[in-house]
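# What the coordinates show
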Amino acid sequence: VGLFSPVLERQLFVLTIANPEYVWTWVTSVFAHGGFTHIAVNSIGLYFFGPPVERRIGSKRFVALFLVSGALAGLAQIGISIAMGAAAGGVVGASGALLAIMGVLTGLNPGLRVYLYFFIPMPLWVLTFGFAAYSVLVGAGQVGGGGNVAHWAHLAGLAIGLAYGQ
């Protein structure tokens, strides 16, 4: 049993096509997630990619990057979904912010060795652009972004991060 009714939870924590004017959801949606796996994957990415970016740009700028890129990525997802004709839908999660952080790190250190699935070594730029290609090919062309995955938010966050990293 949740603390709030499902309607109130949606109004407080989901950035929706129906109500993008609920300005608070621009930020609260970044902290809401669609289940354990969703928050776990975002947390693992933040754990590995966040500290080197935070050390480089400082804590205050890191928090600002996280919040602003997360909000803008969610708004991009909603805006593009509306432009593609979606009548309903919403977005939650920190994936856009995480991809922004990944983009910053890619700009700062593209040759950094990372491990896909913890054991396949590759340079960070390969992982970054592979993830972007996946988002474009699999889901970005679908109305609403491809099922329950906000591919446009991922791409928007990555673009913000790459620009910031330069």
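Residues numbered from 1 in each chain as written. Predicted model: local features only at pLDDT ≥ 70, side-chain atom pairs only at ≥ 80, totals over all residues. Heavy atoms only, no water.

### Thoughts on the overall build of the protein
To be explicit about the condition: Only DSSP runs of H or I with at least four residues qualify as helices, and only runs of E with at least two residues qualify as strands; both kinds are numbered from the N terminus onward. Computation of the radius of gyration draws on C-alpha atoms, with the globule rule given as 2.2 Å multiplied by the number of residues to the power 0.38. Under the scheme applied here, a residue whose accessible area is under 20% of the maximum for its type counts as buried, over 50% as exposed, and between as partly exposed, the area being computed with a 1.4 Å probe on protein chains only. Any two residues whose heavy atoms approach within 4.5 Å at even a single point are treated as in contact.
Within the protein, the secondary structure is distributed over seven helices and four strands. Of the regular secondary structure in the protein, the N- to C-terminal order runs α-β-α-α-α-β-α-β-β-α-α. Against the globule reference of 15 Å for 166 residues, the protein gives a C-alpha radius of gyration of 16 Å, in line with a compact fold. Projecting the C-alpha coordinates of the protein onto the three principal axes gives extents of approximately 45 × 35 × 30 Å. Every one of the 166 residues in the protein was classed for burial, and the buried ones make up 37%. Partitioning the contacts of the protein with sequence separation of at least 6, the portion at a separation of at least 24 is 63%.

### Brief notes about helix α4 (residues 59-83)
The cut-off we apply is this: One less than the residue count of a helix, multiplied by 1.5 Å, gives the span that helix is expected to have.
Between its first and last C-alpha, α4 extends 36 Å over 25 residues, near the 36 Å set by a 1.5 Å rise per residue. Phe 62, Leu 65, Phe 66, Ser 69, Gly 70, Ala 71, Ala 73, Gly 74, Gln 77, Ile 78 and Ser 81 are the residues of α4 that are buried. On its buried face, α4 sits against β1 (15-16), α2 (25-31), α3 (36-57), β2 (90-91), α5 (95-108) and α7 (151-165). Downstream of α4 by a residue or two, Gly 85 has a phi angle that is positive, lying close to 95°.

### Structural notes on the pairing of strand β4 (residues 120-123)
The condition is simple: At least two DSSP bridges between two strands are needed for those strands to be called paired.
With four bridges joining them, strand β3 (residues 113-116) and β4 adopt antiparallel strand pairing. Bridge pairing in β4 links Arg 113 to Pro 123. Two successive antiparallel strands, β3 and β4, enclose a turn made up of three residues, where Tyr 117 displays a positive phi of approximately 55°.

### Some points on α5
Counted at 1.5 Å a residue, the expected span for α5 with its 14 residues is 20 Å, and the 20 Å between its end C-alpha atoms agrees. The element α5 is extensively covered by neighbouring structure, given that 12 of its 14 residues are classed as buried. Among all positions in α5, only Ser 95, Gly 96, Ala 97, Leu 98, Leu 99, Ala 100, Ile 101, Met 102, Gly 103, Val 104, Leu 105 and Thr 106 are buried.

These results come straight from atomic positions and should not be treated as a statement about function.
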